[in-house]
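Chain and residue survey
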Amino acid sequence: MKRLTQLIHDDMRPALGVTEPGAIAFAVATAKGHITGALKGIRMVLNSGMYKNAFTCGIPNSHEVGNEHAAALGYVAADASKGLECLEGVKPHHNQEAHALVNAGLVKVELGEISSRIYIFAEITTNEGAVNVTIRDAHTHVTRITKDGQTIFERDDADTKDEERQTPFIHRFTLRQMLHYAQSVPSEELLFIRQAYDLNLALFEQALQNRRTTFAHYLYKKNGERVISDDEQASASLLCNAAIEARVLGLSRPAMSITGSGAHGIIATLPLYAAQQVNGYTEEQLLRATALSYLVCMYIKEYSGKLSAFCGCAIAAGTGMACGLAFLRGGTHKTLTLTIQNMASSITGMICDGGNHGCTMKGIVAVDAAYRSVAFAQEGIAIGHEHGINGHMPEDTMRNMGLIASPGMVKTEGVIVDIMREKTKRLK
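Report on the accompanying structure.

1. A closer look at the overall build of the protein chain
Scanning the protein chain from N- to C-terminus turns up 17 helices and eight strands. Relative to the globule expectation of 22 Å for 428 residues, the C-alpha radius of gyration of the protein chain, 21 Å, shows essentially globular dimensions. Taken along its principal axes, the extent of the C-alpha atoms in the protein chain is 70 × 50 × 45 Å. In the protein chain, which comprises 428 residues, the proportion classed as buried is 57%. Within the protein chain, counting contacts between residues at least 6 apart in sequence, those at least 24 apart form 76% of the total. Computed over 41 positive and 43 negative side-chain charges, the inter-centroid distance for the protein chain is 3 Å.

In structure tokens, the structure reads:
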């Protein structure tokens, strides 16, 4: 298996609901597995991106939202062995139990540092002792477990420091090399990507069948009450954004995540599926385009950080999807370069104010921007490399897009979180 194939394979993960509530529940469930006794309290410390993304986010199999309820459900119902699908077994009585814990003031969530680096600290205290779990850098990457003041598991910090010093693997490749890979990798190596379409299309179908979704039904109506119409862009927006809406509302089917995000995975795939269905591209062409979409998304995200103040779904995954769309249309390296320049000059800087219903509108904007960026690029029209944050090479442009988020928007992240916390005070 080629190394880029392995990179994609290892990064794809099913995720139920928005990733951050799942990660919070996973952390608490992991801690609970190491302690018994009557609960005295649950304490969470989250970095700003984690805190923000789960702030008003829908939770799978629940009508509740937010950090506290995700933590409470992690205690009463989550199965840590299922990773980001740990809330799959939530039942109505679990929601009642979790609600009671929150109302009793037994769940406390604190804001940690303003950072794009994932950090979760979950501590459970009972009448028999205390245990805490630390997660860093990836949503289920446990680095330490401490029980009653004694460390019972720890990942060697030296390993993490060595990884931080290394150039991220995806950054060792140029856009030209990624394009060549997408064109030439043996097709059988990409068959696993079908799983992403199986999951994401099932989530889309649930969106159309559920009364809680609103954008999904409107987009379906605007597409002539057809899933796939002759209007490729309308079909792409319907598929993509109905699935995103289902996800952020906490409906019960998982999405296939990429770079730790289900919404990234949805944007990087479903518009390409619409293009294939409307234009009759082969499955092989679709899988090759998806591989390129994923790689461009990863390239930008490694600069911006996993959780930052800009909308990686629209900017990183949207740019990846735009490149995949250009690929399906026979785009050359130059076409992809111009597409990236157009995307960089249009939606870079779109804020992320958490995983919530607003992600649907951001997805709609991303699809619109991608289709326009590709159409212009096909005609040789683009914002030149001398303008704005565009670079002389596409790799420079993608790097600059990421740097706008981190370190560029760290102060913006703090302002977003302050706004959210102020809202909470007013609601109490």
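2. Let's talk about the sheet that holds strand 4 (residues 119-126)
Pairing between the strands of a sheet is mediated by backbone hydrogen bonds and can be parallel or antiparallel. Read from one edge of the open sheet, six strands run 3-2-4-5-6-7, paired in mixed fashion. The sheet is open, and its two borders are formed by strand 3 (107-111) and strand 7 (150-154), each paired with just one other strand. On average, each strand axis in the sheet is inclined to that of its neighbour by 15°, with strand direction left out of account. Two elements, strand 4 and strand 5 (residues 129-136), share eight bridges in a ladder whose sense is antiparallel. The residue bridging Ile120 from the neighbouring strand is Ile135, located in strand 5.

3. Structural notes on the environment of Asn279
Structurally, Asn279 is set in helix 11 (residues 262-279). The exposure class of Asn279 is partly exposed, given its relative accessible area of 39%. Considering only alpha carbons, one finds Asn279 and Arg329, 50 residues apart in sequence, at a separation of 9.7 Å. In terms of polar contacts, Asn279 uses its side chain to reach the backbone carbonyl oxygen of Ala275, at 3.0 Å.

4. A look at the state of the cysteines
Per the counting criterion, the structure on display carries zero disulfides. Lacking any disulfide linkage, Cys359 is separated from the closest cysteine sulfur, that of Cys313, by 5.8 Å. Looking at Cys359, the relative accessible area reads 13%, which means it is buried.

Here is what the cut-offs are and how they apply
Residues numbered from 1 in each chain as written. Predicted model: local features only at pLDDT ≥ 70, side-chain atom pairs only at ≥ 80, totals over all residues. Heavy atoms only, no water. Helix = DSSP H or I, 4+ residues; strand = E, 2+ residues; numbered from the N terminus. Rg over C-alpha atoms; globule rule 2.2 N^0.38 Å. Buried < 20%, exposed > 50% of the residue type's maximum accessible area, 1.4 Å probe, protein only. Contact = heavy atoms within 4.5 Å. Lys, Arg positive; Asp, Glu negative; His and termini not counted. Charge placed at Lys NZ, Arg CZ, Asp CG, Glu CD. Pairing = 2+ DSSP bridges. Axes fitted to C-alpha atoms, helices over the stretch in contact; angles between N-to-C directions. Polar contact = N/O pair within 3.5 Å; in protein donor to acceptor, adjacent residues only side chain to side chain. Disulfide = S-S within 2.5 Å.

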